Amino acid sequence: MPNKIKIVTIGGGSSYTPELIEGLILRKDQLPIAELWLVDIEDGAEKMEIVGSMARRMIAAAKLDWQVHLSLDRKEALKDADYVTTQFRVGLLDARLKDEVIPLANGMLGQETNGAGGIFKAFRTVPVILAIIEDMRELCPNAWLVDFTNPAGMVTEAAINYGKWEKTVGLCNVPFGHITQACSVLAANENDLYFKFAGLNHFHWHRVWDRQGNERTAELIEKIYSPDQQEKSDEGLKNIHQIPFNFDQVKHLGLLPCGYHRYYYLQEPMLAHAIEEFDNYETRAEVVKKTEARLFELYKDVNLNYKPEELSQRGGAHYSDAACDLIASIQNNSGKLMVVSTRNHGAIADLPFDCVVEVTAAITSHGAEPLRWGALPPAARGMIQLMKAMEETVIEAAVSGDYGAALHAFTINPLIPAGDTAIKVLDQLLYAHKAYLPNFAHKIVEIERNQPEVVAFVDRLLADRAAHA
């Protein structure tokens, strides 16, 4: 009998937890689980109790003897863990709303993982992941850290290169949507196609071959992105308004883009749509808050012992299932190919050897072995090098609290116009998130003391959004 394992999920009160439990149940023959621990903070306690009760019902319905523990004490939960998964949001959905509405109120893209909002999500999250790693170093020094807390690429890089936790793998659900899309367009099963992804989290490209060794990338570009086809193809991305890509541009690149590339290839129409949503009090954060409220009402049903279909509307479907797949692949040394965030190790020739990239990798008991991609074409190379430099600067600022580094990250980011507005938005977001940015405390005090217009603007904006909630 293999050794029993203990899995700890930080952010256990997440609405995604039922999907995580379902994924583990589906792999019950691959994972000799003894204990599952769901961990959250005081503000998430009520939701954790709701999903914890549902998790127990799901496990009982599957006739499994796994023990489910709920805790607000991270250290208690981490003791002797084998796998630690992270799905938390520092500041909860209210923080996401600030990330979106403050930039948009200034005519700038507000988005969860891109632009100014994505940078601030990293500012809040990186110090927390590093604190978790310090606890792991003491309490479960041999555990794997499986991160699907966004921005997953930057969080994974911080864990590996600042936290020195080599046993870290990051995950995203976006590649899953593109794989499903290609299978649908080519009327093929996933097992009959070979996918190769390379890039950064929410900034990757991919190629596709069939079982006979024929590359199908050009055919997919034609069938997905040609003007008469774009309305027929679904990437499965709930978070992104799917404005059609420019066919000539994608064809020139010769690679299939990530859906998030719209923010960079189609900045003007994507920003215009986001501002329209803002004006109508329908930013993604505001929509998701309502979706979450409905989900937790469903989860309270004492007869519900399975993942409801409504969870697919939440926008992050398949994150948790991918985490279960990854854990099973490590546990069983399967060598399964998955798209993960891991050290580059030369896979992408255009990026530093030890930086973190999102690539197709073989998953083994010693972690992810990235498949070599080689060099990207110039049109992609320049963009990815800029984005990687931006990510590295964001992490530096998150760790150090250096205002100059934060401003430099804003300046590098292609979605943030450099100048007075960038500085204004940076200061507004620092003030808005002051409870979760201790590394920037000195600068925030200065803003509160010397910039009353920043304080007044943010307070007025957030009061208006709350009044329309």
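Residues numbered from 1 in each chain as written. Predicted model: local features only at pLDDT ≥ 70, side-chain atom pairs only at ≥ 80, totals over all residues. Heavy atoms only, no water.

### Brief notes about empty space enclosed by the protein
Picture a little ball the size of a water molecule; that probe, rolled over the atoms, points out where space is still empty.
Stage number 1. Under the definition given, this model contains 2 cavities of 30 Å³ or more.
Stage number 2. Roughly 140 Å³ of internal volume is contained in the largest cavity.
Stage number 3. As for the largest cavity, its lining consists of 16 residues, and the residues nearest its centre are Thr-113, Met-154, Asn-201, Met-387 and Glu-391.
Stage number 4. Taken together, the elements giving at least two residues each to the lining of the largest cavity come down to α5 (115-139), α6 (152-162) and α14 (378-400). (1 Å grid on protein atoms, 1.4 Å probe; cavity = no way out; pocket = protein on both sides within 12 Å on 5 of 7 lines; lining within 4 Å. Points joined across faces, edges and corners; volume = space filled by probe spheres on them. Helix = DSSP H or I, 4+ residues; strand = E, 2+ residues; numbered from the N terminus.)

### Structural notes on the pairing of strand β8 (residues 203-210)
Stage number 1. With 7 of 8 residues buried, β8 is to be regarded as a mostly interior element.
Stage number 2. In this sheet, β8 lies alongside strand β7 (residues 193-200) in antiparallel orientation, the contact comprising 8 bridges. Counted as the bridge partner of Phe-197 is His-206 from β8.
Stage number 3. Taken together, β7 and the strand that follows it, β8, pair antiparallel across an intervening segment of 2 residues, in which His-202 is found at a positive phi of about 60°.
Stage number 4. Both β8 and strand β9 (residues 256-257) contribute to a ladder of 2 bridges, which runs antiparallel. Considered in β9, the bridge of His-206 is made with Leu-256. (Buried < 20%, exposed > 50% of the residue type's maximum accessible area, 1.4 Å probe, protein only. Pairing = 2+ DSSP bridges.)

### So, the side chain of Asp-147
Stage number 1. For Asp-147, the location among the structural elements is in strand β5 (residues 144-147).
Stage number 2. Buried and unpaired, Asp-147 has Lys-121 as its nearest opposite-charge partner, separated by 8.4 Å.
Stage number 3. Not counting the four nearest positions on each side in its chain, Asp-147 is found in contact with Thr-86, Ile-129, Ala-152, Val-155, Thr-156, Val-169, Gly-170 and Leu-171. (Lys, Arg positive; Asp, Glu negative; His and termini not counted. Salt bridge = Lys/Arg side-chain N within 4 Å of Asp/Glu carboxyl O. Contact = heavy atoms within 4.5 Å.)

### Comments concerning the domain arrangement of the chain
Stage number 1. As assigned here, the chain comprises domain 1 (5-170) and domain 2 (392-468).
Stage number 2. For domain 1 versus domain 2, the separation of C-alpha centres amounts to 25 Å.
Stage number 3. Counting residues at the interface gives 28 residues for domain 1, matched by 33 residues for domain 2.
Stage number 4. Between domain 1 and domain 2, a total of about 2600 Å² is buried, with carbon and sulfur atoms accounting for 82% of that surface. (Domains from an automatic or database assignment. Buried area = accessible area lost by both parts, 1.4 Å probe.)

### Concerning the UniProt feature "binding site: Mn(2+)" (unreviewed entry) in the chain
Stage number 1. When the UniProt feature table is mapped to this numbering, "binding site: Mn(2+)" (unreviewed entry) covers Cys-172 and His-202. Separation in sequence by 31 residues is not matched in space for these annotated residues, since their most distant C-alpha atoms are only 8.2 Å apart. Cross-referencing the annotated residues with the lining of the largest cavity gives His-202.
Stage number 2. With respect to the element layout, Cys-172 can be found in the loop between β6 (168-170) and α7 (174-186).
Stage number 3. Along the polypeptide, His-202 turns up in the loop between β7 and β8.
Stage number 4. Of the residues examined, His-202 reaches a relative accessible area of 3% and is grouped as buried.
Stage number 5. Within the structure, the side chain of His-202 is placed 2.7 Å from the side chain of Thr-113, a separation counted as a polar contact. (UniProt positions renumbered as here; feature names shortened; annotations may be inferred. Polar contact = N/O pair within 3.5 Å; in protein donor to acceptor, adjacent residues only side chain to side chain.)

### Considering the environment of Glu-138
Stage number 1. Secondary-structure assignment places Glu-138 in helix α5.
Stage number 2. We classify Glu-138 as exposed; its relative accessible area is 55%.
Stage number 3. Each C-alpha atom of the pair Glu-138 and Leu-78 lies 9.3 Å from the other, and the pair is 60 residues apart in sequence.

### Points about helix α8 (residues 217-225)
Stage number 1. Among the residues making up α8, those that are buried are Thr-217, Leu-220, Ile-221, Ile-224 and Tyr-225. The buried residues of α8 all sit within an arc of 105° when viewed along its axis, so they share a single face.
Stage number 2. Buried residues along α8 sit against α7, β8, α9 (247-253) and β9. (Arc of directions from axis to C-beta.)

### Some thoughts on the UniProt feature "binding site: substrate" (unreviewed entry) in the chain
Stage number 1. Per the UniProt annotation, the sites labelled "binding site: substrate" (unreviewed entry) are Arg-96 and Asn-150. Annotated residues spanning 55 residues; largest pairwise C-alpha distance 11.2 Å, indicating a single compact cluster.
Stage number 2. When you line up the elements, Arg-96 lands in helix α4 (residues 92-105).
Stage number 3. By the secondary structure assignment, Asn-150 is in the loop between β5 and α6.

### Some details on the nonpolar core
One broad trend across soluble globular proteins is that nonpolar side chains are buried collectively.
Stage number 1. Among the nonpolar cores identified, the biggest contains 113 residues, and Val-8, Val-84, Phe-123, Met-136, Trp-205, Phe-410 and Leu-430 are the most heavily contacted of them.
Stage number 2. Counting the residues that make up this core, at least three belong to each of domain 1 (5-170) and domain 2 (392-468).
Stage number 3. Beyond its immediate stretch of four places on either side in the chain, Val-84 contacts Val-8, Ile-10, Leu-78, Met-136, Cys-140, Ala-143, Trp-144, Leu-145 and Val-146.
Stage number 4. One finds Leu-24, Ile-59, Tyr-83 and Leu-171 within the second-largest nonpolar core, a separate group that totals 41 residues. (Core = buried A, V, L, I, M, F, W, Y, C linked by side-chain atoms within 4.5 Å.)

### Some details on the pattern of salt bridges
Stage number 1. Per the stated rule, a full pass over the model turns up 24 salt bridges.
Stage number 2. Here Arg-207 ties to Glu-215 by a salt bridge, and the two come within 2.8 Å at their closest N and O atoms.
Stage number 3. A residue is classified by how much of its surface remains accessible, and Glu-215, at 36% relative accessible area, is partly exposed.
Stage number 4. Close ionic contact of Glu-286 with Arg-465 constitutes a salt bridge, the shortest N to O distance being 3.0 Å. One end of the pair, Glu-286, is in helix α12 (residues 284-299); the other, Arg-465, is in helix α18 (residues 452-467), with 179 residues separating them in the sequence. In this pair, the class of Glu-286 matches that of Arg-465, namely buried.
Stage number 5. Through salt bridges with shared partners, a single network forms among Arg-89, Arg-96, Glu-100 and Glu-112.

### Description of the packing of aromatic side chains
Stage number 1. Across all of its chains, the model carries 10 aromatic pairs by this definition.
Stage number 2. Seen in terms of ring centroids, Tyr-225 and Phe-245 are 5.5 Å apart; in terms of plane orientation they differ by 85°. Their pairing is edge-to-face. Placement of Tyr-225 in helix α8 and of Phe-245 in the loop between α8 and α9 is noted, with a sequence separation of 20 residues between them. Here the two residues Tyr-225 and Phe-245 agree in accessibility, since each one is buried.
Stage number 3. Ring geometry for Phe-245 versus Tyr-265: centroids 6.0 Å apart, planes at 75°, classification edge-to-face. Note that Phe-245 is positioned in the loop between α8 and α9 and Tyr-265 in helix α10 (residues 262-265), a separation of 20 residues in sequence. Summarising the burial analysis for this pair, Phe-245 and Tyr-265 share the class buried.
Stage number 4. Members of the aromatic cluster, each reached through a chain of ring pairs, are Phe-120, Phe-123, Phe-410 and Phe-440.
Stage number 5. The aromatic ring of Tyr-403 is capped on one face by Lys-443, whose charged end is 4.1 Å from the ring centroid. (Phe/Tyr/Trp six-rings, centres within 6.5 Å; stacked < 30°, edge-to-face > 60°. Lys NZ or Arg CZ within 6 Å of the ring centre and 35° of its normal.)

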